[in-house]
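# Examining the three-dimensional arrangement
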Amino acid sequence: MGILHPAIEKAYGVLDGAPVDKELAGELMRLEGAPIIDLASLAHKVRLKFSPSRHICTIMNAKSGRCSQDCGYCSQSSFSETQAPVFPLVSEDEIFRAAENAYENDIACFCIVTSGLGYTEVTPEFEKILSAIDRVKFRYPARNLGASLGVLSPETARLLALHGVAFYNHNLQVNPSRYRELVASTHSIGDRIATVRYANDAGITACAGGIIGLGETADDRIELAFALRELKAKIIPLNVLVPVKGTPLEHTPPPAAADTLKAFALMRLVNPRAVIKFAAGRETVMKDFQGLLMLAGANGFLTGGYLTTRGRDAEDDENFLRELTVFGNL
Ligand code: SF4
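From a predicted model like this one, the values you see are computed outputs, not experimental measurements.

On to the site of the ligand. The full set of residues close to the ligand is Cys67, Gln69, Cys71, Cys74, Gln76, Ser77, Ser115, Gly116, Leu117 and Gly150. Looking at the shell around the ligand residue by residue, the classes come out as 4 nonpolar, 6 polar and no charged.

Structure (structure tokens):
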């Protein structure tokens, strides 16, 4: 056997533009021991070649809790009894101030997030969000604004684009064919996929990713990576499940660091040009391994806390980022 595992040697073809197929993806996901580090190293090289930019963003929880949907991982579902904050859509002022805070602190992208199934019609609440977006864009016309408002219709996607939303986040979460079993029964994966397509069609860059640790298999992770490739997701946020007390997944054990590393690296090899961001679970679940995961093909991360869980201080993240630059352009 050469220095590299034969599957990794084959996967080096990605650097020359040869796409990874599902068979090779399966071989890579079955790697054990030291070759996993070689896989991470290849993913890092692929990122540096095809997607070298740094991508740090922050989100604002603009409407929280009392969601009618039953996503098993989510602390905001009304099917779960959790301590997650509950409040209606915040004021235009609050959204503006949060955006101002992000942009003045040099965060490249600020994203407005609301709980609930979404906006398939132009409701007064949706209009209020558009008006907050107008105010932010008037003051910061050149800055990136994102939104994560749940499912959309072609019309609401078009309006978000018209008002200046550059990125729309809507995750597939898992292997689409197991969405009902692993995530939710109150809506379908079809609604999610359609929303990503509406955003793309409206000219908004789709940001769609998933969660590692929902009870999915290695094959499910492969299917997710290929589904995102098919959807042409340009930004892929990857979360590691943070089990929340009161949700059906509260006792779910964290995924093994090695399996998570393989999932991150595979996502990069299957989507060489995408921006991959490490979102929830970076500090709380992956702890000592977060740096290693950041060197397995990720472009950046979400900073400043998550929807209902705290992240670490921005200063710690800045230092972390500085240290990571030693390994290449991050
Ligand atoms: S993930 Fe979104 S749709 Fe699902 S329960 Fe949470 S807030 Fe509702």
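For the chain, the mean per-residue pLDDT works out to 90, and 93% of the residues sit at or above 70. Within the chain, helix H6 (residues 154-162) carries the highest mean pLDDT (98), whereas helix H12 (residues 314-324) carries the lowest (70).

Moving on, we get to the nonpolar core. Generally speaking, nonpolar side chains in soluble globular proteins are found buried as a group. Counting residues in hydrophobic clusters, the biggest one holds 103 residues, and the most contacted among them are Phe264 and Leu266. Sort the elements by how many residues they give to this core and helix H10 (residues 257-270) lands first, with 8 residues. Ignoring sequence-local partners within four residues, the contact set of Leu266 consists of Ala25, Leu28, Met29, Arg221, Ile222 and Ala225.

Turning to its location among the elements, Leu42 is positioned in helix H3 (residues 35-50). Between the C-alpha atoms of Leu42 and Ser177, which are 135 residues apart in sequence, the distance is 29 Å. Once you skip the residues sitting within four places of it in the chain, Leu42 turns out to touch Ile8, Ala11 and Tyr12.

This part is about the pairing of strand S2 (residues 109-114). Of all the 6 residues making up S2, 5 are buried; the element is thus mostly covered by neighbouring parts of the structure. Two strands pair when backbone bridges link them, and strand S1 (residues 57-63) and S2 are joined in this way by 6 bridges, in the parallel orientation. When the bridges of S2 are listed, Lys63 appears paired with Thr114. With helix H4 (residues 92-104) bridging S1 and its parallel neighbour S2, the resulting β-α-β unit is right-handed. Bridge analysis of S2 against strand S4 (residues 144-148) gives 5 bridges, and the strand direction is parallel. Bridge pairing in S4 links Cys109 to Asn144.

With that out of the way, let us pick up the pairing of strand S10 (residues 275-278). With burial as the criterion, each face of S10 is covered, one bearing Val275 and Lys277 and the other bearing Ile276 and Phe278. Direction of pairing for strand S9 (residues 235-240) relative to S10: parallel, over a ladder of 4 bridges. Residue pairing in the sheet places Leu238 in a bridge with Phe278 of S10. With H10 bridging S9 and the parallel S10, this β-α-β connection has right-handed handedness. Pairing of S10 with strand S11 (residues 300-301) involves 2 bridges; the strand directions are parallel. Residue pairing in the sheet places Lys277 in a bridge with Gly300 of S11.

Taking 1.5 Å per residue, 14 residues should reach 20 Å; H10 reaches 20 Å between its end C-alpha atoms and fits that length. Counted residue by residue, H10 has 11 buried out of 14 residues, so it is predominantly covered.

Closest axis-to-axis distance for the helix H2 (residues 22-29)/H10 pair is 10 Å, and the angle between their directions is 155°. Between H2 and H10, the angle is such that the two are roughly antiparallel. Handedness of the H2/H10 crossing: right-handed. Contacts between H2 and H10 involve Ala25, Leu28 and Met29 from the first element and Lys262, Leu266 and Val270 from the second. Classifying every residue of the contact of H2 with H10 gives 5 nonpolar, no polar and 1 charged.

A separate point is unusual backbone geometry. Phi at Gln173 takes a positive value of approximately 75°, unusual for a residue other than glycine. Position of Gln173 relative to the elements: it lies in the loop between strand S6 (167-169) and helix H7 (179-182). At Lys232, a position not held by glycine, the phi torsion is positive, near 60°. Structurally, Lys232 can be placed in the loop between helix H9 (218-230) and S9. For Lys232, a count of 15 C-beta atoms within 10 Å gives the class partly exposed.

Since the α-helix turns once every 3.6 residues, residues separated by three or four places project in the same direction. Here helix H8 (residues 189-201) spans 18 Å end to end across 13 residues, near enough to the 18 Å set by a 1.5 Å rise per residue. Inspection of H8 places Arg192, Thr195, Val196, Tyr198 and Ala199 among the buried residues, and these make up the whole buried set. Considered in projection along H8, the buried side chains sweep an arc of 160° and stay on one side of the axis. Residues of H8 that are buried make contact with strand S5 (151-152), H6, S6 and strand S7 (205-207). Gly203, located one to two residues past H8, shows a positive phi value of around 90°.

Scoring rules and cut-offs
Residues numbered from 1 in each chain as written. Predicted model: local features only at pLDDT ≥ 70, side-chain atom pairs only at ≥ 80, totals over all residues. Near = placed C-beta within 6 Å. Nonpolar A, V, L, I, M, F, W, Y, C, P; charged D, E, K, R; others polar. pLDDT = per-residue confidence, 0-100. Helix = DSSP H or I, 4+ residues; strand = E, 2+ residues; numbered from the N terminus. Core = buried A, V, L, I, M, F, W, Y, C linked by C-beta atoms within 7 Å. Buried ≥ 20, exposed ≤ 12 C-beta atoms within 10 Å, placed from the backbone. Contact = placed C-beta atoms within 7 Å. Pairing = 2+ DSSP bridges. Right-handed = clockwise from strand over helix to strand, strands pointing away. Expected span 1.5 Å × (residues − 1). Axes fitted to C-alpha atoms, helices over the stretch in contact; angles between N-to-C directions. Parallel < 35°, antiparallel > 145°, perpendicular 65-115°, else oblique. Left-handed = near helix turned anticlockwise from the far one by under 90°. Arc of directions from axis to C-beta.

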